[in-house]
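# Reading the structure
Here is what each chain is made of, one letter per residue.
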Amino acid sequence: MKKINWIILASEGRGTQYGVGTFIRQLSAGLAKKKEIAVFVLSMGTEKYKTFEIKEEEGITILKVPLTERTKETDTRKNQEKIARSIAQVVLQYISPAEINVVHMNFIFQYFIALEFKQKLNALVLFTQHVFTLNEIFNSNYFDTELETYHLADRIITVTRHGKEHLTGKGVDENKIRVIYNGIDPEPFNQNYPINIKEKYGLPENEHLILFSGRIDPIKGLDYLAPAFEMLLKRLPDCRLAIAGNGNFESLIKATCRFSSRVSFLGFIPFYDLVPLYHAATIGVVPSLEEHCSYVALEMLFCGLPVVASKIGGLKEIFIHHENAFLVNMGPDQATLYQVAPDVDQFAGFMYELLVNEPLRQQFSKNAVARANETFSQEVMANQYLQLVKEPIIYESEKRR
């Protein structure tokens, strides 16, 4: 069996504590369980590190690279190339020879370091597209590393079919693209947590608990959840909306001021509390305006939490309408960045239907756990990524010959 070095490029301060960070932690842990793979996580990009650090954690080699002095210079292409060479020169001393070397990008701005490793190691380059960068941001990037990244990568992985359609619509070579859903270790969701989570966070025991988890951001659709919840209260007063996450609460506080006694702002919840909170909730809500393979959605799925979610993007692939969730239709809304928003009336109606129908919630819960383990486990994801390095690389130009 061939020995594989798998170098995952991470970046402190660029979403690594949230979706992409969760992905890197889950994938590196899954790959580390494979005897033929040596996993390296190369973490770069903040003043948090003053010196180069290397450590081992559960079979994974973590390399932490501090900012160089060149980072403070004018941000030119030549400067980025110098930084990449400097990083590679240090890091390559700690990577043993292997028959296959994989460099795994997770952000477009990692192009220069990925190129350097490809040249130095003759590496296979993977690029996982986690989010869509808006055109106005692309247009301001004079390095044009978006297009160069698509050309450099031997395999482009989208975390949903929705993502693949987006890239093929932009003219990216379809033969390079593979869809691999995000995965997560099921074990933490099966444990018993000896804690009264409602008591800990001051949540009454005798109310239906509706849980939102995620950052407080316009893209998460909370501006539409608030009026939907207000409509629900008129039909079912014994409900409470719990908001778990950090962000700018100002507009949300204003939107919920008329029924503030029924809303609990919990702030950031650590994972060891979040899991029992999922289990304690009656239903979960995901009112987002755009999502890919959301880890919050997967966590709710693994906990068997019945969900009401926007019928958009990757949420349509994670949840199955009327099987493990209710999916709310989207309508046009020029006030949002994505020009769409969930139907508030339908959102309120679906929440009511789930809350008053316990047998339906139980069926949704059972179906959710089954789907989570079958499709979105850490092991399934790691196996599919490993399979990528065993496939022959065929590009569009070669296919036409």
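Residues numbered from 1 in each chain as written. Predicted model: local features only at pLDDT ≥ 70, side-chain atom pairs only at ≥ 80, totals over all residues. Heavy atoms only, no water.

For the rest of this paragraph, the subject is the packing of aromatic side chains. Summed over all chains, the structure comprises 12 aromatic pairs. Ring pairing ties together the aromatic residues Phe189, Phe271 and Phe302, which thus form one cluster. Above the face of the Tyr352 ring, Arg235 is positioned so that its terminal group lies 3.7 Å from the ring centre. (Phe/Tyr/Trp six-rings, centres within 6.5 Å; stacked < 30°, edge-to-face > 60°. Lys NZ or Arg CZ within 6 Å of the ring centre and 35° of its normal.)

In this structure, Glu58 is a non-glycine residue whose phi angle is positive, near 50°. For Glu58, the position within the fold is in the loop between strand S3 (53-57) and strand S4 (60-65). When its relative accessible area of 79% is taken as the criterion, Glu58 is described as exposed. Positive phi, close to 65°, is recorded for Gln339, a residue that is not glycine. When you line up the elements, Gln339 lands in the loop between strand S15 (330-332) and strand S16 (340-342). (Helix = DSSP H or I, 4+ residues; strand = E, 2+ residues; numbered from the N terminus. Buried < 20%, exposed > 50% of the residue type's maximum accessible area, 1.4 Å probe, protein only.)

Counted under the stated rule, the structure contains 15 salt bridges. Between Glu146 and Lys170 there is a salt bridge; the shortest N-O distance is 2.6 Å. Of this pair, Glu146 sits in helix H5 (residues 145-152) while Lys170 sits in the loop between helix H6 (161-169) and strand S8 (177-179), and the two are 24 residues apart along the sequence. Take Glu146: its relative accessible area is 8%, and that puts it in the buried class. For Lys170, a relative accessible area of 34% gives the class partly exposed. (Salt bridge = Lys/Arg side-chain N within 4 Å of Asp/Glu carboxyl O.)

To continue, consider the environment of Arg85. Along the polypeptide, Arg85 turns up in helix H2 (residues 77-91). In this structure Arg85 comes out as partly exposed when scored by relative accessible area, which is 41%. Distance from Arg85 to Ala281, taken between C-alpha atoms, is 50 Å for residues 196 residues apart in sequence.

A separate point is the environment of Ile269. Along the chain, Ile269 falls in the loop between strand S11 (263-267) and helix H11 (271-280). Along the sequence, Ile269 and Gly214 sit 55 residues apart, while their C-alpha atoms lie 9.7 Å from each other. Residue contacts for Ile269: discarding those within four places in its chain leaves Tyr201, Ala244 and Leu274. (Contact = heavy atoms within 4.5 Å.)

Moving on to the sheet that holds strand S13 (residues 307-310). The strands that make up a sheet pair up through hydrogen bonds in the backbone, lying either parallel or antiparallel. Sheet architecture is open: 6 strands sit in the order S11-S10-S9-S12-S13-S14, paired in parallel fashion. With partners counted over all chains shown, the strands left at the sheet margins are S11 and strand S14 (325-328), one partner each. Strand-to-strand twist across the sheet, computed as the mean angle between neighbouring axes with direction ignored, equals 20°. Where strand S12 (residues 283-286) and S13 come together, 3 bridges link them in parallel fashion. Along S13, the bridge assignment pairs Val286 with Ala309. Against the sheet, H11 makes contact with strand S9 (208-213), strand S10 (239-244) and S11, and its axis sits at roughly 140° relative to S9, the strand it touches most. (Pairing = 2+ DSSP bridges. Axes fitted to C-alpha atoms, helices over the stretch in contact; angles between N-to-C directions.)

Reading across the sheet, the 8 strands line up as S3-S4-S2-S1-S5-S6-S7-S8 and stay open at both edges, with mixed pairing between neighbours. Either end of the sheet is taken by a strand with one partner, and the two such strands are S3 and S8. For this sheet, the mean angle separating the axes of adjacent strands, direction not counted, is 25°. Looking at chain direction, strand S6 (residues 124-129) and strand S7 (residues 155-158) are connected through 4 bridges and run parallel. Residue Leu126 lies in a different strand from S7, and its bridge partner there is Arg155. Where helix H3 (residues 111-121) meets the sheet, it contacts strand S1 (4-11), strand S2 (37-44), strand S5 (100-105) and S6, and its direction lies at approximately 175° from that of S5.

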